[in-house]
Structures are given as C-alpha cells and as structure tokens.
Amino acid sequence: MATIDRQTTTLALAHALSAAERGLPVFPLSATKLPALRSPHHGERPPVHCRGECGLPGHGVHDATTDPAAVRALFAAAPRATGYGIACGRTPHRLIGIDLDIDTAHGNDSVGALQQLALQHLFTIPPTVTVLTPSGGRHLWLTGPADTTVPNSAGRLAPGIDVRGAGGYLVGPGSVTAHGRYRLAPGTAHLTPAPCPRPLLRLLTPPPRRPTCPATGSATTPEAPGRRGEGLIQFVLAAHEGQRNTRLFWAACRAYEHGFGDALADALTTAAIRTGLTEQEARSAIASAERLTRGRGD
C-alpha cells in the first residue's frame, strides 16, 4: 500500500469499535500487521520488559481494550493504523485463533491436515466465525474455558497450522494490510465464536513440563530420542524447497516438548543441511523452537 488515507484509518477504527462492543479487546495495527504504536521503551538500555505497567500506550497486544474511549485514544495516537488486532485468551470470550495457511504450491494443505486431526481424534469443527486472509488462508475463531490457558504455537499441530492463544492476537476483519483486506467468510458474520471441542483443546494444550533439578534447572528424567527422534529426522529429510524451515521448526518443537530437543538438535541440524538449509538457518530455527516450547521470551 503506497499511501494511507484518512478513510482507511477511520474505517479501521469503526471496525475496532464494533469488535470492542462485542467484548473483544482491540488495539491498532499498521499495514505490516504489527502494532501501530511504537514502544515507549524503544532504544532504552538495558531492554525494558514492560507489559503496560508504565501506563503509556505502545505495548502491542497489552494495549488491547474494550473501552470505546480508550480505543479511540489509541487510534488517535496511531494515525497510520490501517487495521486492528484482537487479543486472544482474554475474558469474556477467551478467544483461540486457528490460523490455517494455504500453501498448496509447496504441498502444505493445512485445511486437510486439520480434517485429518479431526478424524484421528474424533472431533468436528463447529460452525464459527471465520475470517478470510489476503493470502487465501483463514482464521477460525473458537473460545476456551476459564480453567485452560492455550499458548501460541507455530506449526505445532501440523505444518501450516498456527495457533493464537494467550498473549497472541488475530488481525480483525475489515483490517487492510500491505497484502490486502481481511474479511469475514460468507455465512459466518452472524455467528459467535464456538466453544473449542475438548479433543482439540487437549491437542492445543502442551503436556505438563517435566520436573526439574533445583541445582541445575534441567529436566530430571529426559526422554531419550529413540524411534520417535528418528521419525522427526526423516520428516525433516523429506522436506522439499519451501517446506524446509517449516518442517525443521515443527520437528524441533516436537522434540523439545517431549524432552529430547537438546539431544536431537545436532541430528536435526545435519538433516536440515542435507535438505539445503545453511547451518546458521537450521540452528536459528531450532533455537526458535526451543524458546517457544520452553516459554522463554515474549
């Protein structure tokens, strides 16, 4: 998008206010889908890890609110906003977003993968709010129970399926980005977010972390890679161009979730290099998987 006109920002505010009226916490986004307000702590040394406790705007998803006056104030401070984000995991809806990327050119069929999961685990996706993305993907809106926290994940369920949970956000319908407009799928505008099926909720919730040694902080009984680790390596080796990073990241997430990520890291790196990634690219993807599964960083 070459320019941002006042009408685009005005419409984004109108859509955001409409969402806030339905109990969905919102905040302004730029055309890049990133928060439109710069952090008030930008450039501070050492880095300040603030989630809005300072009382100033510019904390991304932590700015999200349902208060109309606060929404207007956020957009007034962000004249280049072209859309809005909806915070997931927050009351009253405790929204869970299932982000299905469409990349048939590289063999990633996220819709088919979700259908396969539904068959394997005996659940169906109920009719619910669905948002169509400019790239041809879709966001399914579901709600979670108060006693369950769903984390964000990328490719954890299957390649091409990302999950937006606590601390994450979805681009709201009506938002305009550099790649186009997000819009409600036909026939879903009148729906409310449906409860997440229990079997799917169990898949979205990671298993409890293993007990750690107080002295070292490491897992006391790490699981050996065994055949499962070999299967993950083969999964990476089977990647075609355009799938390599996604498959490596997915495999590394599974390894860390089951306690043998560190033990398998070198083998995964070697497999990724054989598919065409550089060692730096492979190590970076594995490190990202470790941070995500161990909950480090924001």
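As a reminder, the structure under discussion sits directly above these lines.
Here the residue index of a chain counts from 1 through its sequence in written order. With the structure being a predicted model, the display of local features is reserved for residues of pLDDT at least 70 and the display and counting of side-chain atom pairs for 80 or more, all residues being used for whole-chain, interface and lining totals. Heavy atoms from the whole structure form the basis of all side-chain values; hydrogens and water molecules are not counted.

Undergrad: Help me understand the side chain of Arg 254, please; the structure alone is not making it clear to me.
TA: What counts as a helix is a DSSP run of H or I of at least four residues, what counts as a strand is a run of E of at least two, and both are numbered from the N terminus. By the element assignment, Arg 254 lies in helix α6 (residues 244-257). Type-normalised accessible area, obtained with a 1.4 Å probe on protein chains alone, sets the label of each residue: buried when under 20%, exposed when over 50%, and partly exposed for intermediate values. Using a relative accessible area of 9% as the deciding quantity, one classes Arg 254 as buried. Polar contacts involving the side chain of Arg 254 include one to the side chain of Glu 257, which spans 2.9 Å. Any two residues whose heavy atoms approach within 4.5 Å are treated as being in contact. In this structure, Arg 254 is in contact with Gly 155, Arg 156 and Leu 232, ignoring residues within four places of it in sequence. Residues adjacent in sequence count toward polar contacts only when both atoms are side-chain atoms; beyond that, a polar contact is any pair of N or O atoms within 3.5 Å, and within protein one must be able to donate a hydrogen and the other to accept it.

Undergrad: Where do I start with the environment of Leu 201 in this structure?
TA: Mapped onto the fold, Leu 201 is located in helix α4 (residues 198-204). Separated by 51 residues in the primary sequence, Leu 201 and Val 150 place their C-alpha atoms 8.0 Å from one another. In contact with Leu 201, other than residues within four places in its own chain, are Ile 96, Pro 145, Thr 148, Val 150 and Cys 196.

Undergrad: How should I be thinking about the sheet that holds strand β2 (residues 83-87) in this particular structure?
TA: Either a parallel or an antiparallel arrangement is found when strands of a sheet pair, and the pairing is made through backbone hydrogen bonds. Strand order across the open sheet formed by three strands is β1-β2-β10, with antiparallel pairing between neighbours. At either end of the open sheet lies a strand with only one pairing partner, and these are β1 (26-29) and β10 (169-171). The average undirected angle you get between the axes of adjacent strands in this sheet is 35 degrees. Strand pairing follows a simple DSSP-based rule, namely that at least 2 bridges must link the two strands. As defined by bridge partners, β1 adjoins β2 across four bridges and the pair is classed as antiparallel. By the bridge assignment for β2, Leu 29 is matched with Gly 83. Note on method: axes are straight lines fitted to C-alpha atoms, helices fitted across the in-contact stretch only, with angles between N-to-C directions ranging 0 to 180 degrees. Against the sheet, helix α2 (residues 68-76) touches β1 and β2, its axis set at about 15 degrees to β1.

Undergrad: Can you help me understand the packing of aromatic side chains in this one?
TA: By convention here, two paired aromatic rings are described through the distance between centres and the angle between planes. Centres within 6.5 Å make a pair out of two Phe, Tyr or Trp rings, where for Trp the six-membered ring is used; the pair is then stacked when the planes are under 30 degrees apart, edge-to-face when over 60, and tilted otherwise. Per the counting criterion, the structure on display carries two aromatic pairs. Plain terms: the ring middles of Phe 27 and Tyr 169 are 5.1 Å apart, the flat faces sit at 85 degrees to each other, and that makes the pair edge-to-face. Residue Phe 27 is found in strand β1, and its partner Tyr 169 is found in strand β10; the two are separated by 142 residues along the sequence. For Phe 27, a relative accessible area of 2% translates into the label buried. Looking at Tyr 169, the relative accessible area reads 21%, which means it is partly exposed. Summarising the aromatic geometry, the rings of Phe 235 and Trp 250 are spaced 4.8 Å apart at their centres and angled 45 degrees between planes, so their arrangement reads as tilted. Here Trp 250 lies in helix α6 and Phe 235 lies in helix α5 (residues 226-237), a separation of 15 residues in the sequence.

Undergrad: Even after reading the chapter, I still don't get helix α3 (residues 110-121), so can you show me in this structure?
TA: Structural remark: α-helix, 3.6 residues per turn; residues separated by three or four positions point the same way. Here α3 contains 12 residues, and its C-alpha end-to-end distance of 16 Å stays within 8% of the 16 Å for a straight helix at 1.5 Å per residue. Within the span of α3, buried status applies to Ser 110, Ala 113, Leu 114, Leu 117 and Ala 118. Axial view of α3: buried residues confined to an arc of 145 degrees, hence all on one face. Turned more than 90 degrees from where α3 packs its buried face, Gln 115 and Leu 119 sit exposed. After α3 finishes, the residue Leu 122 shows a positive phi value of roughly 60 degrees. One less than the number of residues in a helix, times 1.5 Å, gives the span that helix is expected to have. Read the arc as the range of directions from the helix axis to the C-beta atoms.

Undergrad: Would you explain the pairing of strand β3 (residues 95-100) in this entry?
TA: On a regular strand, one side chain projects to one face of the sheet and the next to the other, so that they alternate. Counting buried positions along β3 yields six of six residues, so the element is predominantly enclosed. Burial along β3 is two-sided: the residues Leu 95, Gly 97 and Asp 99 and Ile 96, Ile 98 and Leu 100 are all buried. In this structure, β3 lies alongside strand β7 (residues 138-143), joined through six bridges in antiparallel fashion. Along β7, the bridge assignment pairs Asp 99 with His 139. Here four bridges tie β3 to strand β9 (residues 161-164), and the two strands are oriented antiparallel to one another. For Leu 100, the partnering residue across the bridge sits in β9 and is Ile 161.

Undergrad: In this structure, what is going on with unusual backbone geometry? I would like to understand it.
TA: It is generally the case that most residues other than glycine have a negative phi and that most peptide bonds are trans. That bond from Thr 91 to Pro 92 is cis: its omega, 5 degrees, falls within 30 degrees of zero. The topology assignment puts Pro 92 in the loop between β2 and β3. Even without a glycine there, the phi angle at Lys 33 is positive, about 75 degrees. Overall, the relative accessible area of 34% leaves Lys 33 in the partly exposed class. For Leu 122, which is not glycine, the phi dihedral falls at a positive 60 degrees. Judged by its relative accessible area of 72%, Leu 122 is exposed.

Undergrad: Honestly, the pattern of salt bridges in this entry has me stumped. Any pointers?
TA: It is possible for side chains bearing opposite charge to pair when their charged atoms get close. A carboxyl oxygen of Asp or Glu within 4 Å of a side-chain nitrogen of Lys or Arg is what we treat as a salt bridge. In the structure shown here, the tally under the stated rule is six salt bridges. For the salt bridge of Asp 99 with Arg 164, the shortest nitrogen-to-oxygen distance reads 3.9 Å. Pair noted here: Asp 99 is in strand β3 and Arg 164 is in strand β9, with a separation of 65 residues, a long-range link. Residue classification places Arg 164 among the partly exposed positions, given a relative accessible area of 23%. As a salt-bridge pair, Glu 257 and Arg 156 come within 2.5 Å of each other at their nearest N and O atoms. With Glu 257 in helix α6 and Arg 156 in the loop between β8 (153-154) and β9, this residue pair connects regions lying 101 residues apart in the sequence.

These results come straight from atomic positions and should not be treated as a statement about function.
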